[in-house]
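Residue strings, one per chain:
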Amino acid sequence: MAASEKPPSAGAPLPEGSPHPLHVAVVMDGNGRWAKQRGLPRSLGHRAGVEALKRTVEAAPRLNIRWLTVFGFSTENWSRPAAEVAELMALPKRYFESDIARLDREGVRVRVIGRREGLSSDLVRLVEDAQARTARNDRFHLNIAFNYGGQADITDAARRFAEEVAAGRRAPEDLDEAMLGGLLATAGSPPPDLIVRPSGEQRLSNFLLWEAAYAELVFQDVLWPDYGEEHLRAALAEFAARDRRYGAIAADNVLAAG
Ligand code: IPE
Ligand code: MG
C-alpha cells in the first residue's frame with residue numbers, strides 16, 4: 001500500500017498490496033420482509049436472522065476477515081411494537097446460549113457495543129459474562145452493536161469528555177479526532193474497511209457514523225435471513241474492485257503530476 005493511500009488514524013493497516021478488508025461491518029436487515037414473504041410472524045424472521053449471523057461469523061475467518069461488527073438493535077428500534085422489541089431483546093440470549101462456548105473455543109473475542117441503559121439486568125449480566133469469558137481471545141473479533149446508535153455513541157463520548165473538562169482533568173484543546181475516537185464504544189477496533197447492507201436498503205441508519213469515514217459501502221439484494229458465505233464472498237469481491245484513496249489522488253496521477 002502506497003503511503004499516500006494510508007487512511008488517517010486507521011488502526012492496523014491492511015497487509016501490503018491487499019485489497020482485502022480487515023474489518024467488515026454488517027447492517028443485518030430484512031428479517032421482517034423475509035418472514036412476510038413466507039406468511040410467518042416477524043419473530044421467526046428475527047430467529048432466522050440469528051442463524052444467518054451464525055453462518056456469517058463462521059464464514060468470516062475463512063475469508064481472512066479479523067473483525068466483524070454487526071448491527072443487532074438500534075437506539076431507534078425501541079419504537080417498534082413492544083412484543084417485537086421483547087423478541088429482539090431475547091435474541092442475544094438465544095445466540096450466546098447456543099454459541100458462546102464454541103466462539104470462546106475458537107478464539108473469538110465478543111464485545112457488545114451500545115448503551116446498557118434500557119436493557120434488563122439479566123441481559124446486561126449475560127453480555128458482561130460473554131465479554132469477560134472471551135476477553136483474552138484474539139483470533140477473531142465479533143462486535144455486536146445492540147442498543148447502539150452512532151449519534152448516541154458520539155454524544156456519550158462528547159459528554160464524557162465534557163465531564164473530564166468540568167472536573168479539571170482535561171482542557172478543551174486536548175480534544176482531537178484520536179481522543180474522541182478513543183471515547184467511542186468501538187475504541188480498540190480498527191475502523192471498518194467495508195460496510196455491507198443486505199435487503200436492498202441503501203442507508204447507514206445511524207450505524208458507525210464516525211467510524212465509517214473511509215469505509216467502502218456495499219449494498220446487496222438479499223434479505224438477511226438468507227445471508228451466508230456466498231454473499232459475503234460477493235461483497236468482498238466488490239470491495240476488492242474498489243480504488244481506496246482516503247482523500248489522496250490515484251497513484252498514476254501522482255506519477256503524471258511528477
Ligand atoms: C432487521 O430486520 C432486524 C432489526 C432491525 C432489529 P428488520 O426487522 O428491520 O426487517 P425489515 O426491514 O422489516 O424487513
Ligand atoms: Mg429493516
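Residues numbered from 1 in each chain as written. Chains lettered and ligands numbered in written order. Predicted model: local features only at pLDDT ≥ 70, side-chain atom pairs only at ≥ 80, totals over all residues. Heavy atoms only, no water.

**Points about the overall build of the protein**
Across its full length, the protein carries 8 helices and 6 strands. Mapped from its N terminus to its C terminus, the protein presents α and β elements in the order β-α-α-β-α-β-α-β-α-α-β-β-α-α. Taken along the three principal axes of its C-alpha coordinates, the protein extends 60 × 50 × 35 Å. The distance from the centre of the 33 positive side-chain charges to the centre of the 36 negative ones in the protein is 5 Å. (Helix = DSSP H or I, 4+ residues; strand = E, 2+ residues; numbered from the N terminus. Lys, Arg positive; Asp, Glu negative; His and termini not counted. Charge placed at Lys NZ, Arg CZ, Asp CG, Glu CD.)

**Re the pattern of salt bridges**
Oppositely charged side chains may form a pair once their charged atoms are brought near each other. Taken as a whole and judged by the stated rule, the model has 28 salt bridges. Notably, a salt bridge pairs Arg203 with Glu201, separated by 3.1 Å at the nearest N-O pair. Taking relative accessible area as the criterion, Arg203 reaches 46% and is therefore assigned partly exposed. A salt bridge links Arg233 to Glu229, with the nearest nitrogen and oxygen atoms 2.9 Å apart. Of this pair, Arg233 and Glu229 both sit in helix H7 (residues 229–240), separated by 4 residues, roughly a single helical turn. With a relative accessible area of 46%, Arg233 lands in the partly exposed category. Judged by relative accessible area, Glu229 falls into the partly exposed class, the value being 21%. What you see here is one network of salt bridges that share partners, running through Glu51, Lys54, Glu58, Asp99, Arg102 and Glu106. (Salt bridge = Lys/Arg side-chain N within 4 Å of Asp/Glu carboxyl O. Buried < 20%, exposed > 50% of the residue type's maximum accessible area, 1.4 Å probe, protein only.)

**Observations concerning the site of ligand 1**
Close to ligand 1 lie 13 residues, the nearest being Asp29, Gly32, Arg33, Arg42 and Arg80. Between ligand 1 and the protein, one listed contact pairs an oxygen atom with a side-chain N or O atom of Asp29 at 3.0 Å. Separating an oxygen atom of ligand 1 from a backbone N or O atom of Gly32 is a distance of 2.9 Å. Here ligand 1 loses 86% of its free accessible area of 380 Å² to cover by the protein chains. Only helix H1 (31–37), helix H2 (42–62) and helix H3 (82–105) provide two or more residues apiece to the shell around ligand 1. The element that contributes the greatest number of residues to the shell around ligand 1 is H1, accounting for 3 residues. Its residues assigned to classes, the shell around ligand 1 comprises 2 nonpolar, 6 polar and 5 charged. (Near = heavy atom within 4 Å. Polar contact = N/O pair within 3.5 Å; in protein donor to acceptor, adjacent residues only side chain to side chain. Areas by Shrake-Rupley, 256 points an atom, 1.4 Å probe, with all protein chains shown as cover. Nonpolar A, V, L, I, M, F, W, Y, C, P; charged D, E, K, R; others polar.)

**Description of H2**
Within an α-helix, residues lying three or four positions from one another point in the same direction, as the helix has 3.6 residues per turn. The terminal C-alpha atoms of H2 lie 31 Å apart, and with 21 residues this matches the ideal 30 Å at 1.5 Å per residue to within 8%. Along H2, the residues classified as buried are Gly45, His46, Ala48, Gly49, Val50, Ala52, Leu53, Lys54, Thr56, Val57, Ala59 and Ala60. For H2, the elements touching its buried residues are H1, strand E2 (67–74), H3, strand E4 (140–148) and H7. (Expected span 1.5 Å × (residues − 1). Contact = heavy atoms within 4.5 Å.)

**Some details on the sheet that holds strand E3 (residues 108–113)**
Consider a sheet: its strands pair through backbone hydrogen bonds, and that pairing is either parallel or antiparallel. Reading across from one edge, E3-E4-E2-E1-E5-E6 is the order of the 6 strands in this open sheet, with parallel pairing throughout. Of all the strands in the sheet, the pair left with one neighbour each is E3 and strand E6 (216–219). Across the sheet, the mean angle separating the axes of adjacent strands is 20° when strand polarity is ignored. In this structure, strand E1 (residues 23–27) lies alongside strand E5 (residues 194–197), joined through 3 bridges in parallel fashion. What sits directly across from Val24, in E5, is Leu194. Sheet strands touched by H7: E1, E5 and E6. Its angle to E5, the strand with the most contacts, is close to 135°. (Pairing = 2+ DSSP bridges. Axes fitted to C-alpha atoms, helices over the stretch in contact; angles between N-to-C directions.)

**Things to note about the packing of aromatic side chains**
By the definition in use, this model includes 8 aromatic pairs. Ring centres of Phe71 and Phe207 lie 4.5 Å apart, and the angle between their planes is 10°; this geometry places the pair in the stacked category. Placement of Phe71 in strand E2 and of Phe207 in the loop between E5 and E6 is noted, with a sequence separation of 136 residues between them. Note on accessibility: Phe71 and Phe207 belong to one class, buried. (Phe/Tyr/Trp six-rings, centres within 6.5 Å; stacked < 30°, edge-to-face > 60°.)

Without other data, these values stay purely geometric and don't point to any function.
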